Amino acid sequence: MSLRTLPLLFLNLGGEMLYILDQRLRAQNIPADKARKVLNDIISTMFNRKFMEELFKPQELYSKKALRTVYDRLAHASIMRLNQASMDKLYDLMTMAFKYQVLLCPRPKDVLLVTFNHLDAIKGFIQDSPAILQQVEETFQQLTDRYGGLSDGEFQLIRQTLLIFFQDLHIRVSIFLKDKVQNSNGRFVLPVSGPVPWGTEVPGLIRIFSDKGKEVKKVEFKHGGHYVTAPKEGSFELYGDRVLKLGTNMYSMNRPVETHMSGASKNLASRTQEIIAPNPLAKEELNFLARLMGGMEIKKPSGPEPGFRLNLFTTDEEEEQAALTRPEELSYEVINIQATQDRQRNEELARIMGEFEVMEQPKQSASKGDDLLAMMDGF
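In this report, we go over the structure that sits alongside the text. Not measured: the values here are computed from a predicted model. Note on numbering: residues in each chain are counted from 1, in written sequence order. With the structure being a predicted model, the display of local features is reserved for residues of pLDDT at least 70 and the display and counting of side-chain atom pairs for 80 or more, all residues being used for whole-chain, interface and lining totals. Values shown for side chains rest on all heavy atoms present in the structure; no hydrogens or waters enter the calculation.

1. A word on a nonpolar patch on the surface
- Together, Ile206, Ile208, Val216, Val219 and Phe221 give the surface a local cluster of nonpolar side chains, amounting to about 390 Å² of exposed area.
- Secondary structure elements follow DSSP: runs of H or I no shorter than four residues count as helices, runs of E no shorter than two count as strands, and numbering proceeds from the N terminus. Breaking the nonpolar patch down by element, the ones donating at least two residues are β4 (205-209) and β5 (215-220).
- On the secondary structure map, Ile208 appears in strand β4.
- The partly exposed category is assigned to Ile208, whose relative accessible area is 34%. Each patch is built from salt-bridge-free residues with over 30% relative accessible area, joining like charges within 9 Å and nonpolar side chains (Val, Leu, Ile, Met, Phe, Trp, Tyr) within 5 Å. Every accessible area reported is derived by Shrake-Rupley at a probe size of 1.4 Å, with residue values counting cover from the shown protein chains alone. In what follows, salt bridge is the name for a side-chain nitrogen of Lys or Arg lying within 4 Å of a carboxyl oxygen of Asp or Glu. Exposure classes here rest on a 1.4 Å probe applied to the protein chains alone. A residue is buried below 20% of its type maximum, exposed above 50%, and partly exposed in between.

2. Comments concerning the packing of aromatic side chains
- Think of it this way: a Phe, Tyr or Trp ring, Trp meaning its six-membered ring, pairs with another when their centres are within 6.5 Å, and the plane angle makes it stacked under 30 degrees, edge-to-face over 60, tilted otherwise. Inspection of the entire model under this criterion finds 10 aromatic pairs.
- Ring geometry for Tyr71 against Tyr91: centres 6.1 Å apart, planes inclined by 45 degrees, an arrangement best described as tilted. With Tyr71 in helix α4 (residues 64-75) and Tyr91 in helix α5 (residues 84-104), the pair connects residues that are 20 residues apart, well separated along the chain.
- For Tyr71, a relative accessible area of 0% corresponds to the buried category.
- Ring plane angle 75 degrees and centroid distance 6.2 Å describe the contact between Phe116 and Phe236, whose orientation is recorded as edge-to-face. Pair noted here: Phe116 is in helix α6 (residues 110-125) and Phe236 is in the loop between β6 (226-228) and β7 (259-260), with a separation of 120 residues, a long-range link.

3. Some details on the pairing of β4
- In this structure, β4 lies alongside β5, joined through 5 bridges in antiparallel fashion. Its bridge partner being in β5, Ile206 is matched across the sheet by Val219.
- For two strands to count as paired, DSSP must find a minimum of two bridges between them. Between the antiparallel neighbours β4 and β5 lie 5 residues, among them Gly213 with a positive phi of about 85 degrees.

Structure below.
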């Protein structure tokens, strides 16, 4: 497992979330000023400097449930509200889109180009907000500094860590099904055509060398695909041609997107077990949530501007039906943190104090992990 994977996972999933929200805001004819405020508020929170500092610290990935809690909070960082069914669908679309991109990366290092494609699109959402744009560009620089010098082996470990995180997710998405890149069981179809990874040759030739390193024989074989040489390497600069299209906005055309649970019972069992089984790393996950949410510093909506509800489904009836038919054990419950006394002991929890409802005081615990366990509701 790579300790450098979390920033890439978070930023790419966050980019997909913004693509989806932008599409739904336009589809529901939300006034342009409100839609712009929602995206600006979410992006500003997502790229908060303190939050990024916590995110870029070397650490293992945590459960889907823990990360879902962070995205739930992030999606509600503005005047927009999503109900449970729409939030479930949003998270399903985010995860399946990025899983597809990771699977299709020609080289492990190209997951960084996918991240840059997401950041390039995010910058397009906030062209009229210089302060937020600077936050995004600072994160871009952090990515360049932290990942620019990594070896191919380190990027391979990052890619494997991402694939392990996604391996049990097989949710069908209408766009992928229509484009025939996903089967009816929710598994993706990998192509046997197109450009080969940069720096490699089109398959079809075996070279045989002597013990002195001299080429002595060539053998051709049929590879069964339609491969071509990569035209050029994508740019890793702040502004440049990424060449790779993975990670760009597939919702730029107004296409309806639906998700469907795969009918395979083994997938149901594995996901159910993950959600309801006790986690042996529970204390560490709570500390992770405390650090991330403490750095998130979500600003509560101020002024008379009313909030509004966004529906990820075509109609309210479809949303209600999805909430009724989705198995309860597959819905991600929102984790609530209630922090109360002893602020001096933990500055991070003191920051969370202003953001969560204060409930009855918990009893004094023996350790920070135990204290956090007492503060969690429904974990």
